[in-house]
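Chain by chain, the residues run as shown.
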Protein chains: 2
Amino acid sequence: MRAGDLAAPYPTVELSTPVVEAARLMAAENLPGLIVVDNDRPSTILPGTQVLRLAVPEYCQDDPALARVIDEPSADVFLRGLGDRTVAESLPREQRELPVVHPRATVLEIAAVMARTRSPLVAVAEHHGPLLGAITLDALLDRVLAS
Amino acid sequence: MRAGDLAAPYPTVELSTPVVEAARLMAAENLPGLIVVDNDRPSTILPGTQVLRLAVPEYCQDDPALARVIDEPSADVFLRGLGDRTVAESLPREQRELPVVHPRATVLEIAAVMARTRSPLVAVAEHHGPLLGAITLDALLDRVLAS
């Protein structure tokens, strides 16, 4: 069993997608994260917790005390935090290892990439190739533990 | 809306639970991670990707090339990797910030904890108190974006 066999269709967003729309997609389809494509190629993969990070005002991220005193109706805080920024404008500056695997990647390789990048979602693509599909942690566990 | 209102029942494992059983629980119930309890108190919260890490042989974790050449039937690799170790025996040595919030925590505080600890799952408990429930990233997004 290789990544190509496990890859399943996965909804994608573009760099120009508003963050709030991307977050709604994630919530509506219970996705573990987002795949951002640029010309059909996986450009960024964001674990769900990192999408959340885009919505939390920066002054609250590392100061729980500050987050504690802000008790506005929650949707307001989030939606205002997100504003009309696009995914491209919200991405973290630092480049991390992208959780993308080759279609010939073994199950162990997929698992190692998920564990190392802390991403419950990996994209499947050939080097510089278009997105072929994605493998979620759920799907991987279901396959390797179903015995 | 506070953490106490959002907390929902969540299956837990004990320190003495075999890792393979914990992984199966996660797969069967599509959980985003595991809550390990010790005397009813949340002792560790493991995001799904870190549970996966317990199952990936150490020599493969940081060397994709090694993982690439191992192409055994996947379940075998995992189950042998897990062996009959318990959760307690498999936990990472380093102590990280535990994603636990007080029942009075605001939505923003919950989101900040999830983002900072990269955990799609937070436990709700009073200081040194028993586990009251858990909040998943899915549930949080559903609540804050449902408007």
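The preceding data block contains the structure.
Note that this is a predicted model, so its numbers are computed, not measured.

Details of helix α9 (residues 137–145) of chain A
Now for step 1: Where α9 of chain A is concerned, the buried positions are L137, L140, L141, V144 and L145 of chain A. Relative to the axis of α9 of chain A, the buried residues are bounded by an arc of 105° and lie together on one face.

A word on the environment of E29 of chain A
Now for step 1: You can see E29 of chain A is positioned in the loop between α2 (19–28) and β2 (33–38).
Now for step 2: Sequence-wise, E29 of chain A and P11 of chain A are 18 residues apart; in three dimensions their C-alpha atoms are separated by 9.0 Å.

Some points on the packing of helix α8 (residues 107–117) of chain A against α9 of chain A
All names here are of chain A.
Now for step 1: Where α8 contacts α9, the axes come no closer than 11 Å and their chain directions differ by 145°. The handedness of the crossing between α8 and α9 comes out as left-handed. Of α9, the residues touching α8 (which contributes V107, I110, A111 and M114) are L137, L140 and V144.
Now for step 2: Looking at the contact of α8 with α9, its residues break down into 7 nonpolar, no polar and no charged.

Digging into the environment of A8 of chain A
All names here are of chain A.
Now for step 1: Locating A8 in the fold gives a position in the loop between α1 (3–6) and β1 (12–14).
Now for step 2: Here the alpha-carbon distance between A8 and A115, two residues 107 residues apart in the chain, equals 20 Å.
Now for step 3: When neighbours within four sequence positions are excluded, A8 is seen to be in contact with G133 and A134.

Side note on the nonpolar core
Now for step 1: Within the largest apolar cluster, 43 residues are counted, with the highest numbers of intra-cluster contacts made by I35 of chain A together with V101, I110, M114, I135 and L140 of chain B.
Now for step 2: Per-element accounting of this core gives the leading share, 7 residues, to helix α8 (residues 107–117) of chain B.
Now for step 3: The residues contacting L140 of chain B, other than those within four sequence positions of it, are L52 of chain A together with L6, V107, I110, A111, M114 and I135 of chain B.
Now for step 4: By size, the runner-up hydrophobic cluster in this structure holds 42 residues, among which are A105 and L108 of chain A together with V13 and L46 of chain B.

Calculation rules
- Residue positions are given per chain, counting from 1 as you read along its sequence in written order.
- Here the convention is simple: chains get letters from A, ligands get numbers from 1, in the order in which they are written.
- Only residues with pLDDT of 70 or above have their local features reported here, since the model is predicted, and side-chain atom pairs are shown and tallied only from 80 upward, although totals for entire chains, interfaces and linings are computed over all residues.
- The basis for every side-chain value is the complete set of non-hydrogen atoms in the structure, without hydrogens or water.
- Each residue is assigned to one of three classes by its accessible area relative to the maximum for its type, calculated with a 1.4 Å probe on protein chains only: buried under 20%, partly exposed between the two thresholds, exposed over 50%.
- Per the convention used, a helix needs a DSSP run of H or I reaching at least four residues, while a strand needs a run of E reaching at least two, with both numbered from the N terminus.
- The directions from the helix axis to the C-beta atoms form the arc being described.
- With axes taken as lines fitted to C-alpha atoms, and helix axes fitted only over the stretch in contact, angles between N-to-C directions fall between 0 and 180 degrees.
- In this scheme, a crossing is called left-handed if the near helix is turned counterclockwise away from the far one by less than a right angle; it is called right-handed if the turn is clockwise.
- The contact criterion used throughout is that any non-hydrogen atoms of two residues lie within 4.5 Å.
- The nonpolar class holds Ala, Val, Leu, Ile, Met, Phe, Trp, Tyr, Cys and Pro. Asp, Glu, Lys and Arg form the charged class, and all remaining residues, Gly among them, are polar.
- Take the buried residues of types Ala, Val, Leu, Ile, Met, Phe, Trp, Tyr and Cys, join any two whose side-chain atoms come within 4.5 Å, and each joined set is a nonpolar core.

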